[in-house]
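Chain by chain, the residues run as shown.
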Amino acid sequence: MSVLRPSGPMPARVYWVRRGVVLALLVAVLVLLVLGVKALTGGGGEPAASATEPVSPASVTESAAADTGTPTCDAASLGITLTADATSYAADAQPLLTVTLVNNGTQSCLVDAGEAQRSIVITSGSDRIWASTDCLAADTASLDLLLSPGQSDERQTQWDRNRSAESCPGDQSAALAGTYQAVLTFAGVTTDPVVFTLE
């Protein structure tokens, strides 16, 4: 039996079919080998996907930023403001206060914008009513941000209209109707008072 002219006791078509099956099996084995090698090496022309979510610049940790020589934001280069979402609140409305930080410097810098660093104090006359640092949750006390030049970051705090005190004692009374002012202290800078009324 020659390669091109199969001969034997069976019809030639049978031998051609057998050769076709053998050839198809060889091709399938080669394809499986190539795919297996690509899967093991992460090949295929595309980079292997990262096992972790990408980290945005605003959530880079201090240690990671320190590795690249990123400086800490200087208070003089930060724009720091406190605003309220209204000037008067109905009896069932809770004031929403927004802290905005802006990097006014010429280079990226690192700032801890955690609740332990941004203290909002609400007073009525000389009476200290509430402070955002009185009842801090451990997982919100620190928050390292990497701010590019001109980049801003906003953090919101809602006051539930109840009084608070240092060390977070329970059973604090509700604030009465009247005029209040909120002041933010951050990085040694104190903002102008934000005045609002509770009905």
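Scroll up to find the structure this text is about.
Residues numbered from 1 in each chain as written. Predicted model: local features only at pLDDT ≥ 70, side-chain atom pairs only at ≥ 80, totals over all residues. Heavy atoms only, no water.

Visitor: Break down the sheet that holds strand S8 (residues 152–158) for me, with residues and values.
Guide: Within the open sheet, the 3 strands sit side by side as S1-S3-S8. Their pairing is antiparallel. The outermost strands of the open sheet, each flanked by one partner alone, are strand S1 (78–84) and S8. Strand-to-strand twist across the sheet, computed as the mean angle between neighbouring axes with direction ignored, equals 15°. Direction of pairing for S1 relative to strand S3 (residues 96–103): antiparallel, over a ladder of 7 bridges. Following the sheet pairing, Leu 82 is matched in S3 by Val 99. (Pairing = 2+ DSSP bridges. Helix = DSSP H or I, 4+ residues; strand = E, 2+ residues; numbered from the N terminus. Axes fitted to C-alpha atoms, helices over the stretch in contact; angles between N-to-C directions.)

Visitor: Before we move on, could you go through the state of the cysteines and cite the residues and values that matter?
Guide: Here is the idea: a disulfide is a covalent bond, and it sits between the sulfur atoms of two cysteines. Across all of its chains, the model carries 2 disulfides by this definition. Residue pairing for Cys 73: its cysteine sulfur links by disulfide to Cys 109, the two sulfurs lying 2.0 Å apart. Residues Cys 73 and Cys 109 share a disulfide whose torsion about the S-S bond is about 90°; that sign makes it right-handed. Taken together, the residues Cys 73 in the loop between helix H2 (62–67) and S1 and Cys 109 in strand S4 (residues 109–112) connect sequence positions 36 residues apart. Classification of Cys 73 as buried rests on a relative accessible area of 11%. Between the sulfur atoms of Cys 135 and its disulfide partner Cys 168 the distance amounts to 2.0 Å. (Disulfide = S-S within 2.5 Å. Buried < 20%, exposed > 50% of the residue type's maximum accessible area, 1.4 Å probe, protein only.)

Visitor: Explain a nonpolar patch on the surface to me, and be specific about the residues and the numbers.
Guide: On the surface, a nonpolar cluster with roughly 550 Å² of combined accessible area is contributed by Val 22, Leu 23, Leu 26, Val 27, Val 31 and Leu 35. With respect to the helices and strands, Leu 35 occurs in helix H1 (residues 12–41). (Patch = residues over 30% accessible without salt bridge, like charges linked within 9 Å, V, L, I, M, F, W, Y side chains within 5 Å. Areas by Shrake-Rupley, 256 points an atom, 1.4 Å probe, with all protein chains shown as cover. Salt bridge = Lys/Arg side-chain N within 4 Å of Asp/Glu carboxyl O.)

Visitor: If you had to explain the packing of aromatic side chains to someone new, which residues and values would you point to?
Guide: In the structure shown here, the tally under the stated rule is 5 aromatic pairs. Ring centres of Trp 130 and Trp 159 lie 6.4 Å apart, and the angle between their planes is 40°; on these two criteria the pair is classed as tilted. Taken as a pair, Trp 130 in strand S6 (residues 127–131) and Trp 159 in the loop between S8 and strand S9 (178–186) lie far apart in primary sequence, 29 residues in all. Linked through ring pairs, Tyr 89, Trp 130, Trp 159, Tyr 180 and Phe 196 together constitute an aromatic cluster. (Phe/Tyr/Trp six-rings, centres within 6.5 Å; stacked < 30°, edge-to-face > 60°.)

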